[in-house]
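# An overview of the molecular structure
What follows is each chain in one-letter form.
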Amino acid sequence: MTPGLLILAQADASSVDRFLQMLVNGLAVGTVYALLAMGFVIIFKATQVLNFAHGALVAIGAFLVAIVAVDLDIPGRWMPGAAEWLTWSLAAVVGVVLGGMLGLLLERLFIRPMVGEPLFQVAILTVGLDIVLRTVVDDIAGLDGRPLADPWGISTATFGNVIIPHTQLVQFGVTAFTVAALAVFFRSRTGVAMRATAFDQEAARAQGIKVGRIFGLSWFLVALLAGIAGIFVSIFPRAAGVSSATAFVAFRAFPAIILGGLDSVVGAVVGGLIIGIAESSASVYLVEFDNILGTGFSAIIGYVIMMIVLLVRPYGLFGTEEIRRV
Amino acid sequence: MRGRPLLYTSYEGDQALLNTWTKKTVFGLMMLLLILLPLGVVPGFTWAASNSWMLVFSQVSIFLIAALGLNLLTGLAGQVSLGHAFFMGVGAYTAAILGGPEGPLWGLGLPIWVWLPAAGMVAALVGVAIAPTSFRVRGLYLAIVTLGLVFIGEHLFRNFDFISGGSQSGRAFPPFEFKFWKEETPLVDFSTDGSWFGVELSSQAKTFYLMLTIAVVAGLVAKNIQRTRAGRAFQSIRDRDVAAEITGVDEFRYKTLAFALSSFFAGVSGALFASFVGRTIPEAFGLALSIEIIAIVLIGGAGVVSGMALGSLFVIVLPLLVLNFTEWLTTVAKTGDGIAQSIADFVVATSSFDPGLISSIPGVSPGLNVFQVNQVLYGLLIIGFIIFEPLGLFGIWIRIRNYWKGWPFTY
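What comes next concerns the included structure. Note that the structure is a prediction, hence the values are computed from the model and not measured.

### Overview of the overall build of chain B
For chain B, the count of helices and strands is 17 helices and eight strands. Expected size for 411 residues packed as a compact globule is a radius of gyration near 22 Å; at 23 Å, chain B falls within 12% of this value. Structurally, chain B occupies a C-alpha span of about 70 × 70 × 55 Å along its principal axes. Taking all 411 residues of chain B together, 52% fall into the buried category.

Okay, structure coming up:
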């Protein structure tokens, strides 16, 4: 994902401009990681499952948006004359919700039978899910990628000497809105039920909360988040469309969840932004040390940071320490 | 003690490696079958003597060694690791440095009795260095740390291109041959056809014998580790780490030991794998390899040594079966008639733009190609085994055994 960003870094920029540009690029990457990491954390909190199929959900979400917006042209075909950004946004919502339905289905079919089984088994089960889903999407989407045809294209805005693509402005807005919506949701009746389930399933059940429904709901939410992240991973400046590479972004987001702590939503956002900015700054400032650190170091700096943080704080920055009872 | 199941008259009898009459017979017959297999004299198994099947069985043996290692760590000691491929890579590149051909890349050209044990030792040392993290970080956190290990390892392998040859061309690994030191003609050469004790053997058959020997030794070692003090300590840590600590099991020491042993197996297996393939790029030791080994452990039955053999056979041979099955279906769809033809025609796509689930023409017709079908099946198998048979193939065997044990009663 760095090649796209490198175009935006001006060669003759001053060091302040360079820093600001790096920061903006880092936030752009970081918000995607934050969206992904929130997805991991919500599933982990609600169902104690570490979801390795998240990458597949990202690719499927973006792919469904491509189908709805480009191939089917819904709802654009019924709204002649409507603004392009409006029809495309509605199409994106439809695609993402379809992805959410798939999340619901996956939970019902594969995760529900595993309630109470060892956590490792369930984690590996999601690896199996990931392999199946990713192979099917690869086959349909192909190596060349399927463009999403978003209305903003490659247009950019310039603030001082800092260049920001319009897509990234949209991305910042959407991410902020999503985080705010989630915060509101967790205070709603259903949201409180969800938090209660995450805290103690049996107690929640005793209060009349339908735990199974909460599980399904959390997978639905997470597939939504994955789809939103998927859109921003597959458009300018990161890629030209959904392809077999789209799903791999989820593996880059793993350090973010660990950094924040597996069970902290706030930690996920903070961790995502930290890892994003770290990657971006590594690709700007550590390039001179390529002969020592190796080319492509920025791609793994997240994991290096994660290792260091875990050795100091084994439950991440915001995670709750597991109390070990005999 | 025939006819009286589970009746042991001595402690030794109970603790024996093959503690029942059936196990002894089955083990003996299996060994005999495997030894005679390359000669093509076993009735019903003559097909297995072909060179391509010999290569397949060699690969099964190599993956078995890796799976035995992961089984020690995950199945026995209960430590989740996604980083097995990293340790295999460490072993492979150690072997390459010590035994690889001298040339532009690092290679000392030493014989196999140096590079093979060294590959295991270096991997074990790296394992010891990683082990303290498993003491601090538990459960799924450890899974992600070991996942990070795979990515960092891949980065290192790729960038040490004076060892690995980079991701473009990769490098050549040492061939299978026994030498005293660096003399010209090897004592035993596995890469050319020739006769052993008057029996004509292809190079593939010779390689199979070598791999089989190492795998059987590894299996016996793994089985024996389960019976030692350390093996019991591993299992107590797996079942309840706090309780183990209270009963006097030094958690730190045994976790480190588990990592070291597991990495030793991985290192040996990685070195054999790289040499077996001959030329490999750093990306070969990525997450996919780790998942393959985990799949073997889960499908075979975590914690069971004989299950590992079943698991690796299953995981390696399945793609070949799918390939052959698809070819057979294609011929049926083209030349067959009746209902069989209609079914086959529905499943496979025989010409471009012919709808079908499996397409034999990649990139043209819409269906999945054979490789993708394999991937999907592989994923479904992992899912299926975890949901329906958490004990793996070994669990199926247990159920069959218990049925006959109680026969004609149901329990």
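### Re the environment of I237 of chain B
All names here are of chain B. Along the chain, the position of I237 falls in helix α10 (residues 229-239). By relative accessible area, which is 4% here, I237 ends up buried. Separated by 161 residues in sequence, I237 and L76 place their C-alpha atoms 8.7 Å apart. In contact with I237, other than residues within four places in its own chain, are A77, Q79, A244, V249, E251, Y254 and K255.

### Some points on the interface of chain B and chain A
Contacts between chain B and chain A engage 42 residues on the former and 48 residues on the latter. Of all residues in chain B, L140, Y141 and I144 of chain B give up the largest surface area on contact with chain A, accounting jointly for 19% of the area buried on that side. Joining chain B to chain A, the criterion identifies zero salt bridges. Across the chain B-chain A interface, the total number found is two residue pairs in polar contact (both at pLDDT 80 or more). Counting only elements with at least two residues in the side of chain B that touches chain A, the list comes to α5 (112-136), α6 (139-159), α11 (241-246), α13 (287-300) and α16 (370-388) of chain B. Here the element with the most residues in the side of chain B that touches chain A is α6 of chain B; it accounts for 11 residues. Classifying every residue of the side of chain B that touches chain A by side-chain character gives 27 nonpolar, nine polar and six charged.

### Focus on the nonpolar core
Among the nonpolar cores identified, the biggest contains 217 residues, and F254 and I257 of chain A are the most heavily contacted of them. Top element by residues in this core is helix α3 (residues 51-76) of chain B. It accounts for 16 residues. Once you skip the residues sitting within four places of it in the chain, I257 of chain A turns out to touch A37, F40, V41, L50 and L262 of chain A together with I144 of chain B.

What counts, and where the lines are drawn
- Residues numbered from 1 in each chain as written.
- Chains lettered and ligands numbered in written order.
- Predicted model: local features only at pLDDT ≥ 70, side-chain atom pairs only at ≥ 80, totals over all residues.
- Heavy atoms only, no water.
- Helix = DSSP H or I, 4+ residues; strand = E, 2+ residues; numbered from the N terminus.
- Rg over C-alpha atoms; globule rule 2.2 N^0.38 Å.
- Buried < 20%, exposed > 50% of the residue type's maximum accessible area, 1.4 Å probe, protein only.
- Contact = heavy atoms within 4.5 Å.
- Buried area = accessible area lost by both parts, 1.4 Å probe.
- Salt bridge = Lys/Arg side-chain N within 4 Å of Asp/Glu carboxyl O.
- Polar contact = N/O pair within 3.5 Å; in protein donor to acceptor, adjacent residues only side chain to side chain.
- Nonpolar A, V, L, I, M, F, W, Y, C, P; charged D, E, K, R; others polar.
- Core = buried A, V, L, I, M, F, W, Y, C linked by side-chain atoms within 4.5 Å.

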